[in-house]
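If you want the building blocks of each chain, they are given just below.
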Amino acid sequence: MAITYLDVTFAALGIYFLKRLLAPRQPAPFPPGPKGLPLVGNVADMPTVHEWKTFASWAEQYGDVIGVKILGQPLIILNTAEHAFAMLDKKSSIYSERPTLMMGTVLVGWEKTLAMTKYGDRFREIRKMLFGLMGTKSVVKKFEPLEELETHRFLRRVYENPDKLTTAIRQTAGAIILNISHGYEPKEKDDPIVGTVDLATEQFSESTQPGAFLVDVMPILRYVPAWFPGAGFQKKAALWRKTLLEMANIPHEIVKSKVASGTAIPSFTSTHLEKKDLSAQEEDNVKWAAASLYSGGADTAIYGFYLAMTLHPEVQKKAQAEIDSVIGNDRLPTYADRASLPYIEALLKEVFRWLPVAPLGLPHVAYEDDIYNGYYIPKGSLIIPNIWQMLHNPATYSSPLSFNPDRFLETDGHAPERDPRDFCFGFGRRVCPGLNLADASTWLSIASALAVFDITKAKDESGREIVPETEMLPGTISHPRPFKCNIKPRSAKAEELITSVDFVSA
Ligand code: HEM
Ligand SMILES: *[C@@H]1O[C@H](CO)[C@@H](O)[C@H](O)[C@H]1NC(C)=O
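First, a word on scope: everything that follows refers to the structure included in this document. (Residues numbered from 1 in each chain as written. Chains lettered and ligands numbered in written order. Predicted model: local features only at pLDDT ≥ 70, side-chain atom pairs only at ≥ 80, totals over all residues. Heavy atoms only, no water.)

### Regarding the coordination of the iron atom of ligand 1
Reference values for coordination geometry: four tetrahedral donors around a metal ideally subtend 109.5 degrees, six octahedral donors ideally subtend 90 or 180 degrees.
Thought 1: Donation to the iron atom of ligand 1 from the protein comes from one atom only, C432 (SG), at 2.3 Å.
Thought 2: With respect to the helices and strands, the residue C432 is situated in the loop between helix 17 (387-391) and helix 18 (435-452). (Donors = N, O, S within 2.8 Å, 3.2 Å for Na, K, Ca; no water. Helix = DSSP H or I, 4+ residues; strand = E, 2+ residues; numbered from the N terminus.)

Below you can see the structure in the form of structure tokens.
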């Protein structure tokens, strides 16, 4: 007997009403949100691009803690920092789990990396290792010479290929992280490991894109074989898994053989591998901790800085004037200058605020049932901190859409606005473990670029200036839509400074 579409529908409806009848009474109401439909819930309400804006607009109607359901999956959106702290920080023993995304975390396998790993012993072990490596401002000081060297190389890359800015950004982030994680120095051109990291990072974003894969909402589909019509996701998953494993294994094995022959350059991996009696489990943790570093650290806020400078020449001039008066023109900035450059500090904060790299953070998950703020939060709920909205809340930031570093400076009658680094790196036990490094390297990149480059609008064929749009691409990790700008040395002296560093020879 054939099972028809109608049978399935009736069966599903039956189960739905039965579940409703049998369900124990909720101890408190679910947070308010758009009404939704039976069975599918809020599927039709969910935005697919710029979700943070839709979520923020819901707040006007439903408040700052919003609840929706997608095919039965509860999703809680937090639109203010106060709620994010009260829930994800104060109740972090409940809210530090990560979701199981059938495509991204299970089939591809990203649950091995810290960002997606389940809350538990493995999570704690890896966090502890990374905290030791880069958990405080004072321990990241040891990376300053590395960052100064690699940022200098970055300037030279941009000087030589100003239209390959995003490539230079990624290459530099990769070089910094791979030095720290594996003592590996990538080749200037077509380095295979940097290539694999970049590819895996892209595939991560694609594979965890909400709504992109049916298998995420119907986990049973994971058992559909790859040859089955419509099961293209299986082939994709296998391919993406291969990239992920290569990203973790290849650099690890290189270090391992160098440790064995006593020729390893000191790094996070070599330091741990040199320990006696390292268990297989511990070694696996070291391998994935290192992999977590460069997949987490490959994305930066720097492209947004170039967009801001292209659009706001007056801010650029003010920042350059500060650098010129404090440092002069015959050397590059170093970390020793940081405390004497308050406007650059404000500019850095504004870069973190204006176009956040992770506009919705990474989702947390409720480990058990909870009552929060009078609302029932069922176990397994996804908790989405709307970081974009926290950084553009008009109650916290005046004229939140405009790019204005002055908001962070104290003047007569104006108190500095809230430090965006309190929100942009996430919350609780899952807060970004790379935040000190990200802060230090973004600062140096910004200060160095301003010291030697003029960033201006590009012109079209008829000589008119091109004004780039301020638009973010979709994805868990979000960057500005690619735009054109001119990047030129400020002077002959600047040119000389930029080119006074050598690349790694091939
Ligand atoms: C502009 C720079 C960066 C920003 C804005 C940023 C932001 C974030 C955010 C919002 C989260 C999620 C936190 C949460 O779940 O509440 C996160 C997690 C993470 N970040 Fe970063 N990050 C940056 C740079 C870095 C760097 C440089 C590294 C490594 C060197 C790194 C490694 C990680 C890792 C491993 C996680 C996962 C932590 C966990 O799940 O326990 N990030 N980051
Ligand atoms: C790592 O960075 C340090 C500091 O700049 C440098 O001396 C060292 O050669 C680098 N190591 C590798 C393998 O790139």
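Next comes the rest of the description.
### A few points about the pattern of salt bridges
Thought 1: Taken as a whole and assessed by the stated rule, the structure comprises 27 salt bridges.
Thought 2: Between D284 and K112 there is a salt bridge, and its shortest N-O distance comes to 2.7 Å. Note that D284 is positioned in helix 13 (residues 280-297) and K112 in the loop between helix 4 (102-108) and helix 5 (121-134), a separation of 172 residues in sequence.
Thought 3: As a salt-bridge pair, R421 and D419 come within 2.9 Å of each other at their nearest N and O atoms. (Salt bridge = Lys/Arg side-chain N within 4 Å of Asp/Glu carboxyl O.)

### A look at helix 18
Thought 1: Here helix 18 contains 18 residues, and its C-alpha end-to-end distance of 26 Å stays within 8% of the 26 Å for a straight helix at 1.5 Å per residue.
Thought 2: The buried fraction of helix 18 amounts to 16 of the 18 residues, a majority that puts the element mostly inside the structure. (Expected span 1.5 Å × (residues − 1). Buried < 20%, exposed > 50% of the residue type's maximum accessible area, 1.4 Å probe, protein only.)

### Considerations on helix 5
Thought 1: Taking 1.5 Å per residue as the helical rise, helix 5 with its 14 residues ought to reach 20 Å, and the 20 Å between its terminal C-alpha atoms agrees with that figure.
Thought 2: Check the buried side of helix 5 and you find it contacts helix 6 (137-140), helix 8 (165-182), helix 12 (268-273), helix 13 and helix 18. (Contact = heavy atoms within 4.5 Å.)

### Quick look at the packing of helix 14 (residues 302-311) against helix 15 (residues 313-327)
Thought 1: At a minimum axis separation of 5 Å, helix 14 and helix 15 run at an interaxial angle of 105°. Taken together, the axes of helix 14 and helix 15 lie roughly perpendicular to each other. Counting all contacts with helix 14, which are made through M309, T310 and L311, the residues of helix 15 involved are P313, V315 and Q316.
Thought 2: Looking at the contact of helix 14 with helix 15, its residues break down into four nonpolar, two polar and no charged. (Axes fitted to C-alpha atoms, helices over the stretch in contact; angles between N-to-C directions. Parallel < 35°, antiparallel > 145°, perpendicular 65-115°, else oblique. Nonpolar A, V, L, I, M, F, W, Y, C, P; charged D, E, K, R; others polar.)

### Regarding the site of ligand 2
Thought 1: Taken together, P145, L146, L149, N179, G183, E185 and I265 make up all the residues around ligand 2.
Thought 2: Note that an oxygen atom of ligand 2 is positioned 2.5 Å from one of the side-chain N or O atoms of N179.
Thought 3: Within the complex, 64% of the 360 Å² of free accessible area of ligand 2 lies under protein.
Thought 4: Among the elements that line the shell around ligand 2, the one with the most residues is helix 7 (residues 144-160), at three residues.
Thought 5: For the shell around ligand 2, the residue count by class is four nonpolar, two polar and one charged. (Near = heavy atom within 4 Å. Polar contact = N/O pair within 3.5 Å; in protein donor to acceptor, adjacent residues only side chain to side chain. Areas by Shrake-Rupley, 256 points an atom, 1.4 Å probe, with all protein chains shown as cover.)

### Let's talk about unusual backbone geometry
Thought 1: At H50, a position not held by glycine, the phi torsion is positive, near 50°.
Thought 2: Inspection of the secondary structure assignment puts H50 in the loop between helix 1 (5-22) and helix 2 (51-62).
Thought 3: H50 gets classed as buried once you look at its relative accessible area, which sits at 18%.
Thought 4: Positive phi is not limited to glycine here, since D190 has a value of about 50°.

### Comments concerning the site of ligand 1
Thought 1: Contacts to ligand 1 come from 27 residues, most closely from R98, R127, H364, R430 and C432.
Thought 2: Here an oxygen atom of ligand 1 sits 2.7 Å away from a polar atom, N or O, in the side chain of H364.
Thought 3: For the shell around ligand 1, the elements supplying multiple residues, two or more each, are helix 5, helix 13 and helix 18.
Thought 4: Top element by residues in the shell around ligand 1 is helix 13. It accounts for four residues.
Thought 5: Counted by class, the shell around ligand 1 contains 18 nonpolar, six polar and three charged residues.

### Focus: the environment of E111
Thought 1: For E111, the location among the structural elements is in the loop between helix 4 and helix 5.
Thought 2: For the pair E111 and L101, spaced 10 residues apart in sequence, the C-alpha to C-alpha distance is 9.0 Å.
Thought 3: Here E111 is in contact with T105, V106, M116, T117 and R122, once residues within four sequence places are set aside.

### What about a nonpolar patch on the surface?
Thought 1: Residues L37, L39, V40, V43, L71, L214, V217, M218, I220 and Y223 make up a contiguous nonpolar surface patch of roughly 930 Å² in combined accessible area.
Thought 2: Note on placement: I220 falls in the loop between helix 10 (214-217) and helix 11 (232-260).
Thought 3: Since its relative accessible area comes to 59%, I220 is described here as exposed. (Patch = residues over 30% accessible without salt bridge, like charges linked within 9 Å, V, L, I, M, F, W, Y side chains within 5 Å.)

### A few points about the packing of aromatic side chains
Thought 1: Applying the stated rule across the entire model yields 14 aromatic pairs.
Thought 2: Centre to centre, the rings of F85 and F423 are 6.2 Å apart; their planes meet at 55°, and the pair counts as tilted. Taken together, the residues span a long stretch of sequence, with F85 in helix 3 (residues 81-89) and F423 in the loop between helix 17 and helix 18 at a distance of 338 residues.
Thought 3: Look at Y397 and F408: their rings are 6.3 Å apart centre to centre, the planes differ by 70°, and that puts the pair in the edge-to-face class. (Phe/Tyr/Trp six-rings, centres within 6.5 Å; stacked < 30°, edge-to-face > 60°.)

### Some remarks on the sheet that holds strand 3 (residues 364-365)
Thought 1: Here four strands make up an open sheet; going across it, the order is 1-2-6-3 and the pairing mixed. Of all strands in the sheet, those bounded by a partner on one side alone are strand 1 (65-70) and strand 3.
Thought 2: Against the sheet, helix 2 makes contact with strand 1 and strand 2 (73-78), and its axis sits at roughly 115° relative to strand 1, the strand it touches most.
Thought 3: Strands strand 1, strand 2, strand 3 and strand 6 (382-385) of the sheet are contacted by helix 3, whose axis makes an angle of about 130° with strand 2. (Pairing = 2+ DSSP bridges.)

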